[in-house]
Structure formats: C-alpha cells, structure tokens
Amino acid sequence: MQRRTLLLRAAPVLALASTTAWPLAALAAAPMVEIWKDPNCGCCQDWVKHLNANGFATRVHDNGNDAARTRLGIPAKLGSCHTGLVGGYALEGHVPAREVHRLLREKPKAVGLAVPGMPVGSPGMDGAAYGDRRDPYDVLLVLADGGSRVYQSYR
C-alpha cells in the first residue's frame, strides 16, 4: 500500500519533469554566443533577442565591445555596436542568425562574420521605429589576413 501511495504522489512530479526536461535539454544543446555591448544599446539587445528566437543561447557583457573586437581579430573598419563569439568565430554587428547557423555548419577558415555599421533592416535594426525601411547590406566573411569577402547579400 505504501508503494502505491508513493507512486501516486510521484506521478505529477514525474509528469512535470518530463515536460520541462526537453526545453532544458534543448537549451543545453543551443550554441552559446558570448556578446559584448554598451549597456544602453537598444538595437544590440534586439539582436540578442533575435539570436535567442533563432536557437542560440546568449551571455551578454554590458561593458562595451572595442576590446573584444580587437581581441577577436575584427578590423576596426568593419566595426559595429556589438561583438560576439560563437564556436571560435567572431561576430561583429547585426549578423542574421541564419548566417551564424550557416557559419557553424560550414566551418570556413576565417575569423568570423561582420555586418559593418548598423544597416536598417538587419536583425536588431528592424523594429517598429524604422517602419518598413530595409537598406541593402552584406554579411562579410572576415579572413585571417584582415581582408573580407561577401558571405551573403541582403537586398
């Protein structure tokens, strides 16, 4: 009788554990993007939300990104308002999650990806404040020699 009571009392806990275990496992499997940004940057926070909505876990450092950009090997001319690191690759600016997934899948020999400046319509720069405006921009593959080439164009 005690065993049956124990099982009946444990059933709701086990049911709850089975429904929450999957999201926890999915979160543990999500690629982690470490991000450096200014604490007052709204578009940076919107980019973080974009990454989270597209299968990435994030860890944010609100102490600026200049030192991280330099340390990770992104040339200043390709700079933007935030810098990230995922899977050994640097991310500079408003890089779409789609291209980050592609980068991690293809694993090119490169420093990482950059979207220089802050093009309107890129992830994080696409909120209601910008209306329907969409400026063309390129996602650049940043090479070890400091050069770059177009990885994906958005028109």
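Reference entry: report on the structure contained in this document. (Residues numbered from 1 in each chain as written. Predicted model: local features only at pLDDT ≥ 70, side-chain atom pairs only at ≥ 80, totals over all residues. Heavy atoms only, no water.)

Here we look at the pairing of strand β2 (residues 57–61)
Then, number 1: Two strands pair when backbone bridges link them, and strand β1 (residues 32–37) and β2 are joined in this way by 5 bridges, in the parallel orientation. Bridging across to β2, Val33 finds its partner in Thr58.
Then, number 2: In the classification by handedness, the crossover that spans β1, the intervening helix α2 (residues 42–53) and the parallel β2 is right-handed. (Pairing = 2+ DSSP bridges. Helix = DSSP H or I, 4+ residues; strand = E, 2+ residues; numbered from the N terminus. Right-handed = clockwise from strand over helix to strand, strands pointing away.)

Things to note about the packing of aromatic side chains
The way to describe two aromatic rings as a pair is by their centre distance and the angle between their planes.
Then, number 1: Counted by the stated rule, this structure contains 1 aromatic pair.
Then, number 2: The interplanar angle of 5° and the centroid separation of 5.0 Å between the aromatic rings of Tyr137 and Tyr154 together place this pair among those described as stacked. Note that Tyr137 is positioned in strand β6 (residues 137–142) and Tyr154 in strand β7 (residues 148–154), a separation of 17 residues in sequence.
Then, number 3: Of the residues examined, Tyr154 reaches a relative accessible area of 19% and is grouped as buried.
Then, number 4: The aromatic ring of Trp36 is capped on one face by Arg71, whose charged end is 5.0 Å from the ring centroid.
Then, number 5: Sitting above the plane of the Tyr151 ring, Arg102 keeps its charged end 3.8 Å from the centroid. (Phe/Tyr/Trp six-rings, centres within 6.5 Å; stacked < 30°, edge-to-face > 60°. Buried < 20%, exposed > 50% of the residue type's maximum accessible area, 1.4 Å probe, protein only. Lys NZ or Arg CZ within 6 Å of the ring centre and 35° of its normal.)

Here's the deal with the nonpolar core
Then, number 1: Phe56, Leu91, Leu113 and Val139 are the most contacted members of the largest nonpolar core, which totals 22 residues.
Then, number 2: When residues of this core are traced back to their parent elements, those giving at least two are β1, α2, β4 (89–93), α4 (97–106), β5 (112–115), β6 and β7.
Then, number 3: Top contributing element to this core by residue count: α4, with 4 residues.
Then, number 4: In this structure, Ala68, Leu72, Val111 and Val142 belong to the second largest nonpolar core, which totals 10 residues. (Core = buried A, V, L, I, M, F, W, Y, C linked by side-chain atoms within 4.5 Å.)

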